[in-house]
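# Summary of the model geometry
If you want the building blocks of each chain, they are given just below.
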Amino acid sequence: MFTSIILAAGMGTRMKSKMPKVIHRVCGKPLCKWVIDASKKAGADRVCAIVGHKAEMVKETLGDVCEYALQAEQKGTGHAVMQAADFINEAKGEVVILNGDTPLVTAQAIEDAVAYHKSCGNQATVITAVLDDATGYGRIVRNSDGNVMKIVEQKDANDEEKKINEINSGMYVFDAESLSYALTKLTPNNAQGEYYLTDTLEILLDAGKKVGGFAISDNDEIRGINDRVQLSEAEKIMRKRINEMHMRNGVTMRDPESVYIEDDVEIGSDTEICPNVTLKSGTRIGSDCTIGSGSVLDRAIIHDKADILSSVILQSEVGEETHVGPFAYIRPNCKVGKDVKVGDFVEIKNSNIDDGTKISHLTYIGDSDVGKRVNFGCGTVTCNYDGSKKYRTVIGDDCFVGCNTNFVSPINVGDGSYIAAGSTITEDIPEKSLSIARARQINKENWKDKRK
């Protein structure tokens, strides 16, 4: 177990956004939330986010997933960590310091860094990366034993130091007591008048403490997000990670680069996700399903062996062996049962559709409760809104609804009833009845000639 501090107070001006940088999203989750979740998965028992710019917006977005400390004025990374002094003083063991704009850091990397820190008996460990081109980064200078002697910024590096390819990621593991000591010694003796967290390493070295460097294995994990271009690059990497995870768990994707799956989506084995599908956070898909091209699922629950073709399903549930689409739209708060057909250009909203019902095409069902084995002819509409209030339509089991039927809610239709095509139903229908609600047909022979 360890304590985690996440730096999330900056403005992120290069994002050119009204929102703080750390709540911009990658694969549906705020940047900072990725880092918080990685910390917890790695074993953090307490997580504190240092917030500053638009702190209330950050806290509202992240919620109660962590504790918070406020950096009212941005006076450097060291100053940010100083705002969590009480939090650090209460910590036992290690304190891991991470950045809220590095969503690609993994729990495994954090866990490995902590393990390395402990095994080496370090009081501080810098998480580093070895780059082909280290231009612009602070260089890690090690001694003959491999321990960190100092971090030299690009502008201060001599020719030999500029040849070093190992750089500072801005992430650290500290012994809690040593970090507390170093923070009390920090001073803003620099041109910017800021407190730098990197100065704590020199303070510890001067005190005879051991500082090590842990080189991360995947350099993508230290990528910071500073603008929208880097945000899109991180999104691409995260999408690849997520899609590969699902494929390794038994999900088929013919063209994974075209599939967009957010964090916190569950997909069962032997399900196929076709090209150009979007699956939003909270979606749960069972086994042996097909999610066809162009489909969008947002917090949808899809049971085993369902087939969704080029359709949109929002915050609703679809039962086993049910077929949806193409071009169907299931709006929030719907429950569609087993072996149901929801065909082309069908819209369902706030309704319950029981097992075996067929809604094949060109139909709107809103605010309705539909029984088992009901057959809807095309062009059926539940007229659920009178201009001020919405009402429900209730249709029993084994009913047959003819084409172009209008139900003017509130309506109750009994089990086993038939409704003639073209009817506008305004009264309840008893069970096993035939209801015809349309004007009598009148043919006026030779009308065209008389009109002339």
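Look a little higher up for the structure.
The residue count restarts for each chain, going from 1 along the sequence in the order it is written. Per-residue local features of the predicted model are confined to residues with pLDDT of at least 70, and side-chain atom pairs are confined, for both listing and counting, to 80 or more; whole-chain, interface and lining totals are unaffected and use all residues. By convention in this description, side-chain values take in all heavy atoms of the structure and omit both hydrogens and water.

A word on the environment of D37. Structurally, the position occupied by D37 is in helix α1 (residues 31-42). Residue exposure (1.4 Å probe, protein chains only): buried if accessible area is under 20% of the type maximum, exposed if over 50%, otherwise partly exposed. Look at D37 and you get partly exposed, because its relative accessible area is 24%. Once the C-alpha coordinates of D37 and T405 are considered, the two residues, 368 residues apart in sequence, prove to be 52 Å apart. Helical segments are the DSSP runs of H or I of at least four residues, strand segments are the runs of E of at least two, and each set is numbered from the N terminus.

This paragraph deals with a negative patch on the surface. A surface patch of negative charge is lined by D270, D288, D304, E320 and E321. Turning to its location among the elements, E321 is positioned in the loop between β23 (317-318) and β24 (323-324). Patch membership requires over 30% relative accessible area and the absence of a salt bridge. Like charges are linked within 9 Å, and nonpolar side chains (Val, Leu, Ile, Met, Phe, Trp, Tyr) within 5 Å. The method behind every accessible area is Shrake-Rupley, applied with a 1.4 Å probe, and residues are considered shielded solely by the protein chains displayed. We count a salt bridge whenever a side-chain nitrogen from Lys or Arg sits within 4 Å of a carboxyl oxygen from Asp or Glu. Only four residue types enter the tally: Lys and Arg on the positive side, Asp and Glu on the negative side; His and the chain ends are excluded. Every charge is mapped to an atom, namely NZ of Lys, CZ of Arg, CG of Asp or CD of Glu.

For the coordinates displayed, the defined rule picks out 27 salt bridges. Its salt-bridge partner being D264, residue R284 comes within 3.3 Å of it at the nearest N-O pair. Note that R284 is positioned in strand β17 (residues 284-285) and D264 in the loop between β13 (260-261) and β14 (266-267), a separation of 20 residues in sequence. Exposure remark for D264: the relative accessible area of 42% places this residue in the partly exposed category. The closest approach of N and O atoms between D398 and R373, which form a salt bridge, is 2.7 Å.

Only when DSSP finds a minimum of two bridges between them are two strands counted as paired. In this sheet, strand β9 (residues 148-152) lies alongside strand β8 (residues 139-142) in antiparallel orientation, the contact comprising 4 bridges. Across the sheet, R139 pairs through a bridge with V152, a residue of β9. Linking two consecutive strands that pair antiparallel, namely β8 and β9, is a turn of 5 residues; a positive phi of about 90° is found at G146 within it.

Next up on the list: the packing of helix α7 (residues 176-185) against helix α8 (residues 199-206). Orientation of α7 relative to α8, taken along the N-to-C sense of each, is 105°, at an axis distance of 9 Å. Here α7 is positioned roughly perpendicular relative to α8, judged by the angle of their axes. Across the interface between the two elements, S178, Y181, A182, L183 and K185 from α7 touch T200, I203 and L204 from α8. For this scheme, ten residues count as nonpolar: Ala, Val, Leu, Ile, Met, Phe, Trp, Tyr, Cys and Pro. Four count as charged, namely Asp, Glu, Lys and Arg, and the remainder, Gly too, count as polar. For the contact of α7 with α8, the per-class residue count stands at 5 nonpolar, 2 polar and 1 charged. Between the N-to-C directions of two axes lies an angle of 0 to 180 degrees, each axis being a line fitted to C-alpha atoms and, for a helix, fitted only over the stretch in contact. Any angle that falls under 35 degrees is termed roughly parallel, while one over 145 is termed roughly antiparallel, one within 65 to 115 roughly perpendicular, and all others oblique. By definition in these notes, contact holds between two residues if any of their heavy atoms fall within 4.5 Å.

The subject of this paragraph is the packing of α1 against helix α5 (residues 107-120). Taken N-terminus to C-terminus, the directions of α1 and α5 make an angle of 50°; their axes are 8 Å apart at the nearest point. One way to sum up the angle between α1 and α5 is to call them oblique. As α1 runs across α5, the sense of the crossing is right-handed. Contacts between α1 and α5 involve A38, S39, K41 and A42 on the former and, on the latter, A107, I110 and E111. Handedness of a crossing follows from how the near helix is turned relative to the far one, being left-handed for an anticlockwise turn of less than a right angle and right-handed for a clockwise one.

Here we take up the packing of aromatic side chains. Both the distance between ring centres and the angle between the ring planes are used here to describe each pair of aromatic rings. Side-chain rings of Phe, Tyr and Trp (the six-membered ring for Trp) are treated as a pair once their centres are within 6.5 Å; stacked means planes under 30 degrees apart, edge-to-face means over 60, and tilted covers the remaining angles. Counted under the stated rule, the structure contains 4 aromatic pairs. Ring plane angle 50° and centroid distance 5.5 Å describe the contact between Y116 and F214, whose orientation is recorded as tilted. Within this pair, whereas Y116 is found in helix α5, its partner F214 is found in strand β11 (residues 211-215), the two being separated by 98 residues in sequence. Among the residues examined, F214 registers a relative accessible area of 14% and is labelled buried. Distance and angle both matter: a charge sits over a ring if NZ of Lys or CZ of Arg is within 6 Å of the ring centre and within 35 degrees of the ring normal. Over the face of the ring belonging to W34 we find K29, whose NZ or CZ atom lies 4.0 Å from the ring centre. Directly above the ring of Y385 sits K390, whose terminal nitrogen or CZ lies 5.8 Å from the centroid.

This next bit is on the pairing of strand β5 (residues 67-70). Side-chain direction in a regular strand flips from residue to residue, so the side chains alternate between the two faces of the sheet. As defined by bridge partners, strand β4 (residues 44-51) adjoins β5 across 4 bridges and the pair is classed as parallel. Looking across to β5, one finds that I50 is bridged to A69. A crossover gets the label right-handed when its path from the first strand over the helix to the second runs clockwise, viewed with the strands pointing away from the viewer. Taken together, β4, helix α2 (residues 55-62) and β5 form a β-α-β motif whose crossover is right-handed.

Let's shift gears to the environment of V340. Along the chain, the position of V340 falls in the loop between β26 (335-336) and β27 (341-349). With a relative accessible area of 1%, V340 lands in the buried category. The spacing of V340 and E233 is 107 residues in sequence and 41 Å in space, taken between C-alpha atoms. Discounting residues that sit within four places of it in the chain, V340 has contacts with E321, T322, H323, I353, D354, D355, G356 and T357.

Turning our attention to α8. Residues T200, L201, I203 and L204 constitute the buried set of α8. Along α8, the residues classed as buried sweep out an arc of 160° about the axis, all on the same side. Relative to its buried face, α8 has exposed residues pointing more than 90 degrees away, namely E202 and D206. Residues of α8 that are buried make contact with β7 (124-130), β9, β10 (166-175), α7 and β11. The directions considered for the arc are those from the helix axis to the C-beta atoms.

The subject of this paragraph is α5. Side chains three or four residues apart in an α-helix point the same way, a direct result of the helix having 3.6 residues per turn. To estimate how far a helix should extend, the number of its residues minus one is multiplied by 1.5 Å. With 14 residues, α5 ought to run about 20 Å at 1.5 Å a step, and its terminal C-alpha atoms sit 20 Å apart, in line with that. If you check which residues of α5 are buried, you get A107, A109, I110, A113, V114 and H117. Positioned one or two residues after α5, G121 has a phi angle of 65°, which is positive.

Before going further, it helps to examine the side chain of E94. On the secondary structure map, E94 appears in strand β6 (residues 94-99). Among the residues examined, E94 registers a relative accessible area of 12% and is labelled buried. Setting aside residues up to four positions removed in sequence, E94 forms contacts with M1, F2, T3, V114, H117, K118, V173 and F174.

A cis amide bond, omega 5°, links G325 with the succeeding residue P326. Secondary-structure assignment places P326 in the loop between β24 and β25 (329-330). With an omega dihedral of 0°, the bond running from S409 to P410 counts as a cis peptide bond. Following the sequence through the fold, P410 ends up in the loop between β35 (406-408) and β36 (411-413). Positive phi, normally seen in glycine, also occurs at D288, with a value near 60°. Residue placement: D288 occurs in the loop between β17 and β18 (290-291). One non-glycine residue, N404, lies in positive phi territory at about 60°. For N404, the position within the fold is in the loop between β34 (400-401) and β35.

These values are about where atoms sit, not about what they do.
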